[in-house]
Amino acid sequence: LYFELAWVTTQLGHAPDLLRLVPLLLGTASIPLTYLVGQRTAGRPAGLVAALLMALSPFLIFYSTEARAYAPVMFLVLASTFALLEALESNRIGWWAAYAAFTCAALYTHYTAMFVLAVQLAWAVATHRDRLRGLLGANLAAAAGFAPWLPALVKNTRSFGTKVTEL
């Protein structure tokens, strides 16, 4: 997904720095989103501290200036988390749809998002059994959205480069 968004930014002009526009915008947007997740889970003071730590994080600053998928996937996982929290509380279909969309988009952006998303799902199932139907529906929708990419994922996991990395 990041590469598609980066391609869109290159249509705005020929400056190489346009490739960094998506990570810059989404990395910056991760700061207030961190506040919202922190406020939602631990209160306003914790949300403010979390947002401050994000704003000063050398990793966030670095990856928000790199033409890579790390800042976008962080934003999408945070958005998925926020949408999940709202869906669990309100049980509104719009929040379940947003959770499914952000989850699927995070997977399309970087495969490693699956680890955070799996823990997110496990927590939700363990703590909100009454919302199991919404959880399963949203995650099945996200999986269905990601399904067309599974052949490419399998091919990438069997590539020579992956075997070298494993060594």
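Residues numbered from 1 in each chain as written. Predicted model: local features only at pLDDT ≥ 70, side-chain atom pairs only at ≥ 80, totals over all residues. Heavy atoms only, no water.

Asker: I'd love a proper account of the side chain of T34, names of residues and values included.
Answerer: Mapped onto the elements, T34 comes out in helix α2 (residues 21-42). Judged by its relative accessible area of 11%, T34 falls in the buried class. A distance of 2.6 Å separates a polar atom in the side chain of T34 from the backbone oxygen of S30. Excluding residues that lie within four positions of it along the chain, T34 makes contacts with A50, A51, M54 and L78. (Helix = DSSP H or I, 4+ residues; strand = E, 2+ residues; numbered from the N terminus. Buried < 20%, exposed > 50% of the residue type's maximum accessible area, 1.4 Å probe, protein only. Polar contact = N/O pair within 3.5 Å; in protein donor to acceptor, adjacent residues only side chain to side chain. Contact = heavy atoms within 4.5 Å.)

Asker: Report on the nonpolar core, specifying residues and quantitative values.
Answerer: One finds L33, F75, A106 and A113 to be the most contacted residues of the largest nonpolar core, which totals 26 residues. Looking at this core, the elements that each hand over two or more residues are α1 (2-10), α2, α5 (70-90), α6 (93-109), α7 (113-127) and α8 (132-146). Looking at which element gives the most residues to this core, the answer is α5, with 8 residues. Not counting residues up to four positions away in its chain, the partners in contact with A113 are V73, V77, A106 and L107. Residues L88, W96, Y99 and A124 belong to the second largest nonpolar core, which totals 11 residues. (Core = buried A, V, L, I, M, F, W, Y, C linked by side-chain atoms within 4.5 Å.)

Asker: Please provide a residue-by-residue account of α1, values included.
Answerer: Listed as buried for α1 are Y2, A6 and T9. Projected down its long axis, α1 shows its buried positions confined to an angular sector of 55°, all on one face. Every exposed residue of α1 that faces more than 90 degrees away from the buried side is listed here: E4 and W7. Considering only its buried residues, α1 is in contact with α2, α5 and α6. (Arc of directions from axis to C-beta.)

Asker: Any chance you could break down the packing of α6 against α8 for me, citing the residues and the numbers?
Answerer: Here α6 crosses α8 at 35°, and the two axes come no closer than 8 Å. When you trace α6 past α8, the crossing you get is right-handed. Contact residues: α6 offers W96, Y99, A100, T103, C104, L107 and Y108, while α8 offers G134, L135, A138, N139, A141, A142, G145 and F146. (Axes fitted to C-alpha atoms, helices over the stretch in contact; angles between N-to-C directions. Left-handed = near helix turned anticlockwise from the far one by under 90°.)

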